[in-house]
Amino acid sequence: MLLIECPWCGPRDEIEFAYGGEAHIARPADPSKLSDAEWAEFLFFRSNPKGAHRERWVHAAGCRRWFNVERDTVSYRISRVYTGACEPVGEGQ
Amino acid sequence: MAEFRNSSGGRIDRARPLTFRFNGKRYQGFSGDTLASALLANGVHLVGRSFKYHRPRGIVTAGAEEPNALVQLETGGYFEPNLRATQVELYDGLTASSQNAWPSVDFDIGAINGFFSKLFVAGFYYKTFMHPRSFWMRVYEPIIRRAAAGARAPSEADPDTYDKMHAHCDVLVAGAGPAGLMAALEAAKAGARVIVADEQAEFGGSLLGETSGIDGIPAAQWVEKMRADLAAFPEVRLLPRTTVTGYYDHNYLIMAERKTDHLGRGMGGVRQRLWKVRAKRVVLATGAHERPLVFADNDRPGIMLAGAARAYVNRYGVKPGNTGVVFTNNDSAYEAAIDLAKTGCRIEAIIDVRPQATGAMAQKARAAGLRIICGAAIAGVEGAKRVKAVEIAPLSSDGETVGGPVKRIECDFVAVSGGWTPAVHLLSQSGGKLRFDEAKACFVPNVSVQAETSAGACNGTLFLEGALEEGAKAGRAAVEAVGLMPAQESALPKVETVEAAPIHALWIVPGKKPVGHGKAKHFVDAQNDVTAADIMLASREGYRSVEHLKRYTTTGMGTDQGKTSNVNALAILSRTLSSPIPSVGTTTFRPPYTPVTYGTLAGRDVGELSDVARVTPMHGWHVARGAVFEDVGQWKRPWYYPKDGESLREAVNRECLAVRNGVGILDASTLGKIDIQGPDAAEFLNRVYTNAWSKLGIGRCRYGIMCKEDGMVFDDGVTTRLGENHFLMTTTTGNAAAVLDRLEDYLQTEWPDLKVYLTSVTEHWATASIAGPKARELVGELAPDLDLSNDAFPFMSMKEATVAGLAARIYRISFTGELSYEINVPAYQGMALWEAIFAAGETHGLTPYGTETMHVLRAEKGFIIVGQETDGTVTPFDLGMDWIVSTKKPDFVGKRSFSRPDTARTDRKQLVGLLTEDPEEVLPEGAQITADADGTPPMPMLGHVTSSYWSATLGRSIAMALIADGGNRQDTTVHAPLGVKTLACKVVKPVFFDSEGARLNG
C-alpha cells in the first residue's frame, strides 16, 4: 500500500485515494477543431513509462482534492507531490 | 522420560509434562517443546508421506523452513491444516495427524506410485494425462487430487476471534536473533519508536540453540538481558510469536501474531492478530536457512539438517538418535557434531566432501575425539522408514563420481549441511535485488529499493561476531536515517570466534549410479518431490529459465516456497546448462513468508461486518415489515415485502398492481444527491450533461445523462434548480461517489475558473416516493395547504411544503410512469414522515414496494437503468435517446466522441424491446440473441437481454435488449437460444405501457 502525501492532509494510506491516470493531459479547449486521430490521441493514448511517471490522484476519502504525483513505476518511489494544472511538463524523465 | 530425551539441558520445563496425540497414539512432551521436538524425543521420525511418491518422510529442520513435517491439528471448527510440526508449540491435549498419508503413515497405499516413478518425472501431469482430452476433468484430475492429497480444507466455521492492529514506528526489526537484538537496542537507545517481531516463542533466534557464551555469560542469558533492556524502553514494542510475513510498498509490512495458539484451542479472546505496520526504516535480521546436500536417497527419515540436530539437542534436550553420521561441505556441521557427541549421541564420523580438514573447527572436532573422513561422500542410504546405515565412498577430485572402497556405517540418524542460505524473502518482497556470493555459495542482498537494511545471517554474515556488529551498525544507521541521534557507541559483546574454513560447493553428490539411473533418488525439493534428475531432465527439454524450470518441475512451489531447496535447484540447473549461477538467477519471493490463516487476514471483518452496510432512516420499518433486502452498492434496499409466504413473483405482482391501480410507496433515500452551488452552476451542468440547463426555471426538474469523454453513458438522474445559482443533482445509488469524484476532477483541473461548489448530501435527506393514480389524494391529505393541481404543481417541478407537520421538499418526478411525488425531509425526520404517510395511507390501501417492483414498473415504461441497459459501451443514441443530446451546445463532455467513426455507426448495438412469442416465457437476463432459430455454436450473436420481467400489468413477459442494428429490426423476429430450448421474440420499441405518458402527467 503506497503512502501518499496529500498536499492538504499529509501522508495517508493509498486506500484513501483514487487514481486518475497520467497527469498533464489537458482537455482540448475546443474538441470540435480536432481531427479524429487527434481526439483519439487525447482519449486513449498514454505514455506508460518505465521510471518516473507523473500521475493524478484524488484524496477521495479525505479532502476530495486532486493533485499530481511523480512516481517511479518500477520502485514505486514517490519523488514529488505537487498541485496545479499549470506545472511545466517537460520530459525530465 | 521419553527415550531420546536427555535428563538435563535445553530450554524445556521438565516439571511441566504435556500429553498429546499424534496419529492416534498418546505421547508425552514438555512445556517448551514443539510438536517436532516432542515427537523426536519419543523416537518418532516418520511423520508423513511425500506428495508424489508417497515416500516415508521425517523431520528435517527445526523451524519455518520445514518441507516435510506438515501436520493437521485438532478437529471440527478448530481443524487446521498445513502446519509445520517444527513451529507448533506443544500444549496439553494437542491432537495432530500426518497430512499426506492414507490410510496411515506406516502403510501408505499411495507408495505404489513409487514403483511407477518413471511416470512421475518433471512435467508428468502434462505428459501423461493428455489423452483422451475428455478424461482430464472426469478421470485424471480427481484421481491425481486424491492421491496428491495435500491439505484438506476445514469443513466447519472457525469459532475463534481474530483481530487487526495498525501501527507506526521509526524502526521495525524483523527477527530477534543476535543481529536483530543489537539493532533494536541501538535504535531504542536513540529514543526511536521500535517494534521487534520474531516468529518464535522466545527471542534469541539461533542463540537459543547456542552453547558458547556472549560477554562471558551463556548466550541464552545474554538474550534475556537484551530482552529486558529493550522492554524497559517505553517506545519499544516486543512481539514474540509474530511473523513478519509481507513486505509491501513504501515500507508497509504485514505481521501475523499468534496470541493463544501455544495454550490450546478454544482459549477465548483473540487467537491471532494481523499487524499492519508502516515503518520509517526496517532492519531485516531474519537469519539463514541451512540447506541439505543432494545425495542418493537423502530423504529417508532420520536424515536431518545438522543445525536442526544441534538445535534439538541443545534447545530441547532431545537426541535425534543414538548413533549418527555428520555429512557436510562446510564448518558449521562440526559444531553440531561436537554438541551431539557431548550430549550422549555416538557420532561415528564426520564425512566432509572437502579434500582436507585442517582448519580450526576440524582441530576442535578432533580434540573432542571425533573422526573426520575427508574427500568422501554418502553414496547410498539403507532403510526406508528410518535410516539404518550409510555407505561412504571417496569422491573423485572433480566431485563428479565416487569410487574406491565403500565403507558401510550403521546409524539411526544423519546430520547434513550443504551450507546456509540467507533468508532474503522479505528483502526480495520489498523489491530488493540479490547477488550470488561465490565464496559463501549463496545469494546475498545487493540493492535496496526500500528503506531497509539487512544485518547478520540474512545478509550473508554467517558468524556471530559479524552478526552482532552488523546489527548494531544497522540500528544506528536506521535511527540516523529517521533524524535521531544515535547513542554513544559502546563496545560490542565479546564472543569466541573460530575461524571458518571455506565452504566447498558440491551441488549434486554422486551416487553409485549416475543421477536418475537406478532406484536411488536425489531429492532437491522434498515437499514437492522434485529430484535432481527432474531438474536435469527439464533443462534438457529446454526449460532454461529458472522461472520456467520452477513452474515445470514445481520446485519451490510448495507451502514452504522452497526455503531449503531453491538454491540447490538453481545450482543444479546452472550446472546442467553449464552457465554460471548469477546468470541463471533466482526466482522472486512473494508474501507470505510462511502461511497465514484466513482468520488472521479477515480479522473482525466476517459475517455482518464483512462489508460496510449503509441503511436509510426507515430501515427499521422495512425490517419490521419483513422486507427482503438487496445490496445496491453498499446500501441495503428493500427488494420486496412478501406477505403470508408469498414468493418473489407473487409479491412483486401484487406490489406492481397496487402502484398501477392504487398507490404505492418506495424508500428512495439511497439515490445519490449532490448539492451544487455557485454563479457558474448552470454553465457547469451544461458542460457535464448532454442536454441544456441554462433555461431551466427555478423549481423545475430535468432528467440528464452524463457521458464520459468517449461518449459512453456514465450516469443519469434528475437535477432540480432550487435557486438561480443552486441545483440539487441526483445520481444512481451505486455511482454517487464516482460521479462526485469526476465532477470535482473537472472543476479542479479543467475548469478551475468556474465558481461552483459541490457537497454530497446523500445522507442528509430521507425520501419517500409515493406513486399511483391515488397518489394525489394521499399527498393532498398529508399536505392540505399545497395546491396539487396540474397547473399549480406540474410534472417535473418541485415545491416546498409542510407534509405531516414536517418541512419538506416535494419533487413531482416519476420513475414508475405513474403520477408520483417524492417527499424529502431531513434524514432524522425520515421515520416520522414514513410513519405519518402510513397512518394516512391505510384507508387508501397504501402498499410499500421494493426495488424489484420499481425495476418492473420502469421497464414497462422503457426507462433505462445505468449499469443494466448500459455497460460502458453504450451511447445515448444507442439507447434511442437522441432527444437528450443537445445539438446547439458547442461542447460538453462526450460530444466530440459522438462523431468518431465507430460511435457514429448506425448499426451499433441498440436498445430494443423484446416480446417473447409465448407470453408466459420470461427470458433470462443476459441471454444471447441470434438472428436464426437453429444452428450450431458458434453462431453470430446480435446482442443480449439487459432487462427481463413478468409484467403483471400487461399479463405477459417483457424484455429489453441491446442488439446490433436494433433500430432497423423493428417487428422482425429474433431468437434467444437457451440450450434446452430457443425462444422466438418479436423486436418492438422499448416502451410497453402508456407510451404517450398520460399517467405521469395526469
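Only a predicted model underlies this, so the values are computations on that prediction, with no experimental measurement involved.

(A) View of the overall build of chain A. A count of helical and extended segments in chain A gives one helix and six strands. In chain A, the order of α-helices and β-strands from amino to carboxyl end is β-β-β-α-β-β-β. With the C-alpha coordinates of chain A rotated into their principal frame, the extents come out at 40 × 30 × 20 Å. Within chain A, contacts between residues separated by at least 24 positions form 50% of all contacts whose residues are at least 6 apart in sequence. Charge separation in chain A, taken as the distance between the mean sites of 12 positive and 14 negative side-chain charges, equals 4 Å.

(B) Quick look at the overall build of chain B. If you tally the helices and strands in chain B, you get 25 helices and 49 strands. Each principal axis of the C-alpha atoms in chain B carries an extent, and together these give about 115 × 70 × 55 Å. Scored against the burial criterion, the 1002 residues of chain B give a buried share of 58%. Considering only contacts in chain B between residues 6 or more positions apart, those separated by 24 or more positions represent 66%. Split by element, the accessible area of chain B, about 40300 Å² in all, is 53% carbon and sulfur. Computed over 107 positive and 113 negative side-chain charges, the inter-centroid distance for chain B is 5 Å.

(C) The arrangement of the sheet that holds strand β7 (residues 94–98) of chain B in detail. All names here are of chain B. Spatial strand order, β2-β1-β7-β5-β6: five strands in an open sheet with mixed pairing. Where the open sheet ends on each side, the last strands, each with one partner, are β2 (25–31) and β6 (80–84). Adjacent strand axes in the sheet meet at a mean angle of 40° when their direction is disregarded. Where strand β5 (residues 70–73) and β7 come together, three bridges link them in antiparallel fashion.

(D) Spotlight on the side chain of Arg64 of chain A. Looking at the element boundaries, Arg64 of chain A is found in the loop between β4 (52–58) and β5 (66–72). Taking relative accessible area as the criterion, Arg64 of chain A reaches 19% and is therefore assigned buried. Here Glu744 of chain B takes part through its side chain, which lies 2.6 Å from a polar atom of the side chain of Arg64 of chain A. Aside from chain neighbours lying at most four places away, what touches Arg64 of chain A is Val58 and His59 of chain A together with Leu740, Glu744, Gln748, Leu758, Thr759 and Ser760 of chain B.

(E) Main features of the interface of chain A and chain B. With 29 residues of chain A in contact, the opposing surface of chain B contributes 29 residues. Summing the contributions of chain A and of chain B, the shared interface buries around 2400 Å²; its carbon and sulfur component is 48%. Seen at the junction of chain A and chain B, the total is six salt bridges. We note a salt bridge from Asp891 of chain B to Arg27 of chain A, for which the minimum N-O separation is 2.8 Å. Linking chain A with chain B are 20 residue pairs in polar contact (both at pLDDT 80 or more). Broken down by secondary-structure element, the contributors of at least two residues to the side of chain A that touches chain B are α1 (36–44) and β4 of chain A. By residue number, the principal contributor to the side of chain A that touches chain B is α1 of chain A, which donates five residues.

(F) Molecular detail of the environment of Cys411 of chain B. All names here are of chain B. Within the secondary structure layout, Cys411 lies in the loop between β23 (407–410) and β24 (413–417). Between the alpha carbons of Cys411 and Ala472 there is a distance of 43 Å; along the sequence they are 61 residues apart. Setting aside anything within four residues of it in sequence, one finds Cys411 in contact with Thr323, Gly324, Val325, Val387, Lys388, Ala389 and Val390.

(G) Structural detail: the pairing of strand β1 (residues 13–22) of chain B. All names here are of chain B. Sheet topology places β1 next to β2; seven bridges connect them, and they run antiparallel. Paired with Phe22 across the two strands is Lys25, which belongs to β2. Hairpin geometry of β1 and β2 is characterised by an intervening segment of two residues between the two adjacent antiparallel strands and by a positive phi of about 50° at Asn23. Where β1 lies against β7, three bridges are found, and the strand directions are parallel. In the sheet register, Arg21 faces β7, and the bridge partner there is Thr95.

(H) Spatial organisation of the packing of helix α7 (residues 306–315) of chain B against helix α8 (residues 332–342) of chain B. Residue and element names in this part refer to chain B. Direction vectors running N to C along α7 and α8 enclose 30°, while the axes themselves pass 8 Å from each other. Seen along the crossing, α7 lies across α8 with a hand that is left-handed. Note on element contacts: α8 touches α7 through Ala333, Glu335, Ala336, Asp339 and Leu340, opposite Ala306, Ala309, Arg310, Val313 and Asn314.

(I) How the structure looks around the domain arrangement of chain B. Residues and elements named next belong to chain B. Entries for chain B in the domain assignment read domain 1 (1–157), domain 2 (161–285 + 464–481), domain 3 (289–417 + 502–584) and domain 4 (875–881 + 891–1000). Three residues stand out in domain 1 for area buried against domain 3, namely Phe4, His45 and Arg55, and they jointly supply 18% of the buried area on that side. The interface formed by domain 1 and domain 3 holds four salt bridges in total. Among the ionic pairs, Arg55 bridges to Asp297, the shortest N-O distance being 2.9 Å.

How each quantity is defined
- Residues numbered from 1 in each chain as written.
- Chains lettered and ligands numbered in written order.
- Predicted model: local features only at pLDDT ≥ 70, side-chain atom pairs only at ≥ 80, totals over all residues.
- Heavy atoms only, no water.
- Helix = DSSP H or I, 4+ residues; strand = E, 2+ residues; numbered from the N terminus.
- Contact = heavy atoms within 4.5 Å.
- Lys, Arg positive; Asp, Glu negative; His and termini not counted.
- Charge placed at Lys NZ, Arg CZ, Asp CG, Glu CD.
- Buried < 20%, exposed > 50% of the residue type's maximum accessible area, 1.4 Å probe, protein only.
- Areas by Shrake-Rupley, 256 points an atom, 1.4 Å probe, with all protein chains shown as cover.
- Pairing = 2+ DSSP bridges.
- Axes fitted to C-alpha atoms, helices over the stretch in contact; angles between N-to-C directions.
- Polar contact = N/O pair within 3.5 Å; in protein donor to acceptor, adjacent residues only side chain to side chain.
- Buried area = accessible area lost by both parts, 1.4 Å probe.
- Salt bridge = Lys/Arg side-chain N within 4 Å of Asp/Glu carboxyl O.
- Left-handed = near helix turned anticlockwise from the far one by under 90°.
- Domains from an automatic or database assignment.

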